Amino acid sequence: VDTWTLDVVERLVEQREPVRPERLVQRLLRAWRGEFLPGQEAEWALAARQRIAGRGERIAEGLGAWLGNVGATAAVIDLHRRILEVDPLAEPVCRQLMGVPAAAGRHAEALMAYERTARAIATRLGCAPSPATRELAEKLRREAGQPPAR
């Protein structure tokens, strides 16, 4: 994880600098290539890993919203899919990814994103996604005329 580049991208996203948002996607993805100090289980490393992952998620959410506002839907989907490849437990990113295809009536695509994240959470953490993520999935199932999850 390149925290300096995260700082730069975060500032540019917050200030809506006159830069193509798609270029910021590339910078963010280059900076956030995986967990901070993978394999290090010391208390300080776990806390830093969680803090950096949360920060990356917030930057991705802001960048995704910016991309959505300028009509770059494909870039939003690509950004969130790639971030979920790096951090499959990033529920806020998953929810934003679910919302983009759902807004275009592609509920099956949105629910596939949910299923991937739900599986990752179950496998790694042994629990279900957060209530907010589950509620969004149920809302999308209802809109698509699908039965509720078991």
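Here the residue numbering is sequential within each chain, running from 1 through the sequence in written order. This being a predicted model, a pLDDT of at least 70 is required before a residue's local features are given, and a value of 80 or more before pairs of side-chain atoms are given or counted; all residues contribute to the totals for chains, interfaces and linings. Each side-chain value is worked out from all heavy atoms of the structure, with water and hydrogens disregarded.

**Here we look at the confidence of the model for the protein chain**
A score from 0 to 100, pLDDT tells how confident the predictor is in each residue. When pLDDT is averaged along the protein chain, the result is 88, and 99% of the positions lie at 70 or above. Only runs of H or I of at least four residues qualify as helices and only runs of E of at least two qualify as strands under DSSP, and these elements are numbered from the N terminus. Per-element confidence in the protein chain is highest for helix α7 (residues 131-143), whose mean pLDDT is 95, and lowest for helix α2 (residues 21-31), whose mean pLDDT is 83.

**Some thoughts on the pattern of salt bridges**
Any Lys or Arg side-chain nitrogen located within 4 Å of an Asp or Glu carboxyl oxygen qualifies as a salt bridge. Counting across every chain of the model gives eight salt bridges. The shortest N-O distance in the salt bridge between Glu109 and Arg81 comes to 2.9 Å. Here Arg81 lies in helix α4 (residues 73-86) and Glu109 lies in helix α6 (residues 107-125), a separation of 28 residues in the sequence. One salt bridge connects Glu143 with Lys139, and the closest N-O pair in it is separated by 2.9 Å. Residue Glu143 and its partner Lys139 are both found in helix α7; the two are separated by four residues, about one turn of the helix.

**A closer look at the nonpolar core**
By size, the foremost hydrophobic cluster in this structure holds 38 residues, and its most contacted members are Leu28, Leu63, Leu67, Leu79, Ile83 and Met98. Broken down by secondary-structure element, the contributors of at least two residues to this core are α1 (3-15), α2, α3 (43-69), α4, α5 (91-103), α6 and α7. Any two residues having at least one pair of non-hydrogen atoms within 4.5 Å are treated as being in contact. For Ile83, the residues in contact, after removing those within four places along its chain, are Leu28, Leu29, Trp32, Ala60 and Val93. Residues belong to one nonpolar core when they are buried, are Ala, Val, Leu, Ile, Met, Phe, Trp, Tyr or Cys, and are joined through side-chain atoms within 4.5 Å. Three labels apply to residues, based on accessible area from a 1.4 Å probe with only protein chains included: buried if under 20% of the type maximum, exposed if over 50%, partly exposed otherwise in between.

**Quick word on α5**
Structurally, the α-helix is built with 3.6 residues per turn, so residues lying three or four positions apart point the same way. Expected helix span is computed as 1.5 Å times (number of residues minus one). For α5, built from 13 residues, the straight-helix expectation of 18 Å at 1.5 Å per residue is met to within 8% by its first-to-last C-alpha distance of 18 Å. Burial in α5 covers these residues: Glu91, Val93, Cys94, Leu97, Met98, Val100, Pro101 and Ala102. Where α5 is buried, its residues touch α3, α4, α6 and α7. Remark: Gly105 follows α5 within two positions and exhibits a positive phi of approximately 85 degrees.

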